[in-house]
Amino acid sequence: MDKPSYEQALLQPSIPSSSLPINLTVFRGSTSPPSTTDIECQNGDIYIGSMDICIFRDGKWERWDPANPFRLDLYGDILDVVPCHLQGIRLTNGPDIEVEPMNSRDIIQLIDCLLWNIEATPTTTGVSQTGAGEGSSNITTANTGELLGKGRRKRKARAGTETLENTVKKEGKGKEKEKESSGDIKTSGEHLLAPSDPKRRRTTPEEGETRILVRPLLDGISCPEKTPVIEWKKLGINTYAPWFSPTDKKAVEHMAEAERAQEYPHMLVELEYDNSARSARSLMSKIEDAISCGCSVLVRGWEPSPPLSFMEEDIGLYRPTLSQQVSVQDAVKRARQQARRSKADLSDVHRTVTIKEFIDLAKNEKECLNLLDLPNTQPEIPIFLRPLSDNVNARSMTMNDCYLPKEGADRGKEFFGVQTIHGDAERLRGWDLMTHGGFLTYPHHDAGGLSTYITVRSGTKVWGYFNVGTSSTTTRKELFDAWDNILSLDQEMNFKKYPMGVVLLEKGDTLIQPPGIPHMVYTPQSGLTSGGHFLSYSTMHLTEVSVAYDCSGCPGKAEERGLVATNAAHPSLYRYIIWMILALPKFASDHAKIFRLKPLLALISFMENAETYSSAEATRLVPSTTDSKKDVMAWEVRAEMLKAKEIIRRLKNGLGVTDVTSRLEDGSWSDPGAKCDWNAVFLLKQKFLTEGAYACWCLH
C-alpha cells in the first residue's frame, strides 16, 4: 500500500520579545497526522486536518482544543499556543489571556486562517525525511533567511546590519567553529549591534533566563544633565524621562512597564515589506484583514526617498518654506497647567513659531515642543496602502460625475465633474509631524473615525495601545465607558486601569492604525514623521463607532466627547462618505473588492441617521453664507446626497435589513461581520446606470 503523502510548509508565528524567531513545520494531507516512523517530527510541528488541528509534543501527536492554550517546550522556551485571527496561531508567555469557547465553525475558520498563511509544497513521505525545511515553501512573513536545521530559520538581517555571523567571518574561519559552538555573544560585543535594530540572543541553561540586550536611545535629545533614565524592559531600550512634568514622567514610567503590543490578540501585528509587487499585494490583503478587526499593523521595510535627518538642511529640502509659521504644543506650558490640577486649562498649551525656530529649539533643554499642524499636500503614500484608501479612490472614480443642477443662471453651461471641495478634504490626506525628544502625547483617538498611517523618517517613537477587549459581550455602552476612562484629562491618568501594549517605531517603520483606537505616544528622540488619514470600506463599522462616540455627550457635562477624546475635527468626513457611496456601483461592477456586512450597515446608518453623527465642532469649521441660494457647495452636496440615499435605499432592500442600529450592535464592536457576495450586488453595470436596479445577498 502506498504511504500517505503530505504537503509541508513553514509558519513563523508571533512570539514573545524574550524568544528568538521560531518557525513551525505545518503538514496537511491524508486523514491523520504523519507517522513518526516515516517522518522525523519534533515539538511544535502542526498537522491540519479537515475539522481539527494536531500538534506534536513529547514524541506524539495530540489533538489541540483551540479553546485552551497548548503548552510546548521549544528550544528551552516554555510557550503556549493560542488562536490568532491573523496567522491562525501565535506563541505567548505573556499576560494571562482568556480564550473564548470555540464551536466547529470557529475551528474551521481557524484552519482556514492557518492555510491562508502558508504556501505549501508537496513532498512524498515514502521515506524518512531530513526535515520539513527541505523542499518547503517560504515563511509567511518576509523574514526569510538561511535554514537552521530541521525547519527552523534565522531572520534575515536588515540592510546594513552587521550580524554576528558576518563579524565571525571577518575574524577568520578558525574562530567561526568556536563561535558556532558557544552560541553566545561576547559581553563586550555591543559593537555588533546595528544602531536601528536591537540584537536578541538566547542564554545557555547555566546562565539562567533569556535576556534582551538593552539599547540606549539617549542621543537625539536635549535635556538637563541629571535627567532620569527609564528602562523599557520589554522593548530592550533605555530612554530619558520627561523632565518638565512629574505627571508626564509617571505616565511614561507606566508605559515602560507595559508588555509588547504584539503580545495581545487584536492589538498589533508585525509585517515586512521587501519592495516587490508581490509583497505589496500580500501586505495589502493582510493589512485589510487586520484593520477591519480593529488590529493595528506595523510594516517594516518601506521608507520614503530620500532618507532625512532631523536637521535644517534635510528638512529644508523636504519642506522649502522653513519660515512658515506653525502652531505647536508646548510641554512647559502644559506642565504649568497640570500643576493647577482641577483648574487646569489644557487648551492653553500652544504657541506659534516658524519651522526653522522649531528645529533650532530642539537643541535647547529648556524647550520641548510638538508640531502637529503641518499639512503635506504631496504625501508619499506606501504602495500597499493605495488600494485601501477608499475615500481617495472613490473621489477619483466620481470626480468627473456632475450632480450639481444646471438650472437657473447655470442653464446651458458646460461644466462637469465635482465643482466644490472643502480644504479639509486635502489636509487630512497627508501631514508631517515634528516632535522634540521628551514630549508625551496623552491618550486620544484620531478624529473623524479615520484610519491613520504614519512613517518614521527620523528619530524614534513609542506607541502605546490599550486592551479594552473585543468580546462579543462588550456592549457599546461598556466600550464608551472604557474610552471615557482612557481618554480623560491628562493628570487623572485613568488609563492605568487598562492593560497596555507598546511598540517602538524607528526609521523605516510604518504604522497603520484602524479608526477609533485610543493610543498615547512618547518621543524619545527628536524626529520627523510623515503620514495621513484614510477611509476604507472594510473599516466603516469602526468609523461609525468612533464618530458616534465623538458626537455623543460627555456624561455629566454639556459638551461633546470628541472635544476631550480627539486632537482635531474633520468637516470633510461626511462628503467623503457620500463619495464612497456614489462609487459603490462602480466598485461592485468590476468585483475588485470584498465587502462585509457591518461596514455596509454603517454606510446605511450614516445616511439614515445623519443627526447622530453631526459634530458641533466640525460644523463650526464650515463657513456659512447669508444667501443659501448662492452657496454652491451646499447645493452640490445636497444633490450628491440625494443620489447617495437612492443607492443606500436599494442596498438596504437588497441586504434585507430593517433595524440597522440593532444589527450594528450585534456581536463584537470590532467584528466586520460576514462577507457579502458582490458578484450578485449589481446585475449589470449598465442596468444600474440606466435603471438603478441591483440586489445584494449576504453569505452566512
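Residues numbered from 1 in each chain as written. Predicted model: local features only at pLDDT ≥ 70, side-chain atom pairs only at ≥ 80, totals over all residues. Heavy atoms only, no water.

A. Molecular detail of the overall build of the protein. A tally of regular secondary structure across the protein gives 19 helices and 31 strands. The burial tally for the protein puts 53% of its 700 residues in the buried class. For the protein, the share of sequence-separated contacts (at least 6 apart) that also reach a separation of at least 24 residues comes to 72%. (Helix = DSSP H or I, 4+ residues; strand = E, 2+ residues; numbered from the N terminus. Buried < 20%, exposed > 50% of the residue type's maximum accessible area, 1.4 Å probe, protein only. Contact = heavy atoms within 4.5 Å.)

B. View of the packing of aromatic side chains. This structure, assessed with the given rule, holds 16 aromatic pairs. Aromatic pair Tyr576 and Trp579: ring centres 5.4 Å apart, planes at 85 degrees, arrangement edge-to-face. With a gap of three residues between them, Tyr576 and Trp579 both fall in helix α14 (residues 573-589), about one helical turn apart. Under the relative-accessibility criterion, Trp579 is labelled buried at 1%. It is Arg334 that lies over the ring of Phe439; its NZ or CZ is 4.7 Å from the centre. Lying across the ring of Phe587, Lys593 places its NZ or CZ 5.7 Å from the centre. (Phe/Tyr/Trp six-rings, centres within 6.5 Å; stacked < 30°, edge-to-face > 60°. Lys NZ or Arg CZ within 6 Å of the ring centre and 35° of its normal.)

C. How the structure looks around the environment of Thr441. You can see Thr441 is positioned in strand β22 (residues 439-444). Put simply, Thr441 and His519 are 78 residues apart on the chain and 8.9 Å apart in space, counted from C-alpha to C-alpha. Ignoring sequence-local partners within four residues, the contact set of Thr441 consists of Asn370, Met520 and Val521.

D. Quick peek at the sheet that holds strand β16 (residues 268-272). Strand order in this open sheet of nine strands is β16-β17-β26-β23-β28-β21-β20-β18-β19, and the pairing throughout is mixed. Unpaired on one side and paired on the other, β16 and β19 (350-354) mark the two borders of the sheet. Sheet twist, expressed as the mean angle between neighbouring strand axes with direction ignored, is 25 degrees. Of the strands in this sheet, β16, β17 (296-300), β26 (509-513) and β28 (527-534) are in contact with helix α5 (residues 277-292), which crosses β16 at around 175 degrees. (Pairing = 2+ DSSP bridges. Axes fitted to C-alpha atoms, helices over the stretch in contact; angles between N-to-C directions.)

E. Structural view of the sheet that holds β22. The five strands are arranged β15-β25-β24-β27-β22 in an open sheet whose pairing can be described as mixed. At either margin of the open sheet sits one strand with a lone partner, and together these are β15 (259-260) and β22. Judged from the six bridges that link them, strand β24 (residues 460-466) and strand β25 (residues 500-505) form a sheet pairing that is antiparallel. Note that in β25 the partner of Trp463 across the bridge is Val503. The strands touched by helix α4 (residues 246-256) are β22, β24, β25 and β27 (519-525); relative to β22, the strand with the most contacts, the crossing angle is about 70 degrees.

F. Structural view of the environment of His570. Mapped onto the fold, His570 is located in the loop between α13 (562-565) and α14. On the basis of relative accessible area, His570 is assigned to the buried category, the value being 13%. When near neighbours in sequence (up to four residues on either side) are disregarded, His570 contacts Asp424, Leu428, Ala447, Leu450 and His533. Engagement of the side chain of His570 in a polar contact is seen with the side chain of Asp424, the distance being 3.0 Å. (Polar contact = N/O pair within 3.5 Å; in protein donor to acceptor, adjacent residues only side chain to side chain.)

G. Main features of the packing of helix α9 (residues 390-398) against α14. Here α9 crosses α14 at 65 degrees, and the two axes come no closer than 8 Å. One element, α9, and the other, α14, form an angle in the roughly perpendicular class. Seen from above, α9 lies across α14 with left-handed handedness. Facing α9, whose interface residues are Asp390, Asn391, Asn393, Ala394, Arg395, Met397 and Thr398, α14 presents Tyr576, Trp579, Met580, Leu582, Ala583, Lys586 and Phe587. Of the residues belonging to the contact of α9 with α14, the class tally is eight nonpolar, three polar and three charged. (Parallel < 35°, antiparallel > 145°, perpendicular 65-115°, else oblique. Left-handed = near helix turned anticlockwise from the far one by under 90°. Nonpolar A, V, L, I, M, F, W, Y, C, P; charged D, E, K, R; others polar.)

H. Looking closely at the pattern of salt bridges. Per the stated rule, a full pass over the model turns up 31 salt bridges. Put simply, Lys249 and Glu253 hold a salt bridge, and the shortest N to O gap is 2.5 Å. Taken together, the residues Lys249 and Glu253, both in helix α4 and four residues apart, mark about one turn of the helix. On the accessibility criterion, Lys249 (26% relative accessible area) is partly exposed. Note that Lys643 is salt-bridged to Glu646, the shortest N-O span being 3.6 Å. With Lys643 and Glu646 both in helix α17 (residues 632-655), this residue pair falls three residues apart, about one helical turn. The exposure class of Lys643 is partly exposed, given its relative accessible area of 29%. (Salt bridge = Lys/Arg side-chain N within 4 Å of Asp/Glu carboxyl O.)

I. Geometry of helix α15 (residues 597-608). The terminal C-alpha atoms of α15 lie 17 Å apart, and with twelve residues this matches the ideal 16 Å at 1.5 Å per residue to within 8%. Of all twelve residues that make up α15, eleven are buried, and the element is covered over most of its length. Restricting attention to buried positions, one finds in α15 the residues Leu597, Lys598, Pro599, Leu600, Leu601, Ala602, Leu603, Ile604, Ser605, Phe606 and Met607. (Expected span 1.5 Å × (residues − 1).)

J. Geometry of the packing of α14 against α17. The N-to-C vectors of α14 and α17 enclose an angle of 50 degrees; their axes lie 9 Å apart at closest approach. Taken as axis vectors, α14 and α17 run oblique relative to one another. The hand of the α14/α17 crossing is left-handed. In this structure, α14 contributes Tyr574, Arg575, Ile578, Trp579, Ile581, Leu582, Leu584 and Pro585 to the contact, and α17 contributes Met633, Glu636, Val637, Glu640, Met641, Lys643, Ala644, Ile647, Ile648 and Leu651. Here the contact of α14 with α17 is built from residues that sort into 14 nonpolar, no polar and four charged.

K. Examining unusual backbone geometry more closely. Look at the link from Ser305 to Pro306: it is a cis peptide, with omega at 0 degrees. Mapped onto the elements of the fold, Pro306 is located in the loop between β17 and α6 (312-318). For Asp58, which is not glycine, the phi dihedral falls at a positive 50 degrees. Here Asp58 is to be found in the loop between β4 (53-57) and β5 (60-64). For Asp58, a relative accessible area of 63% corresponds to the exposed category.

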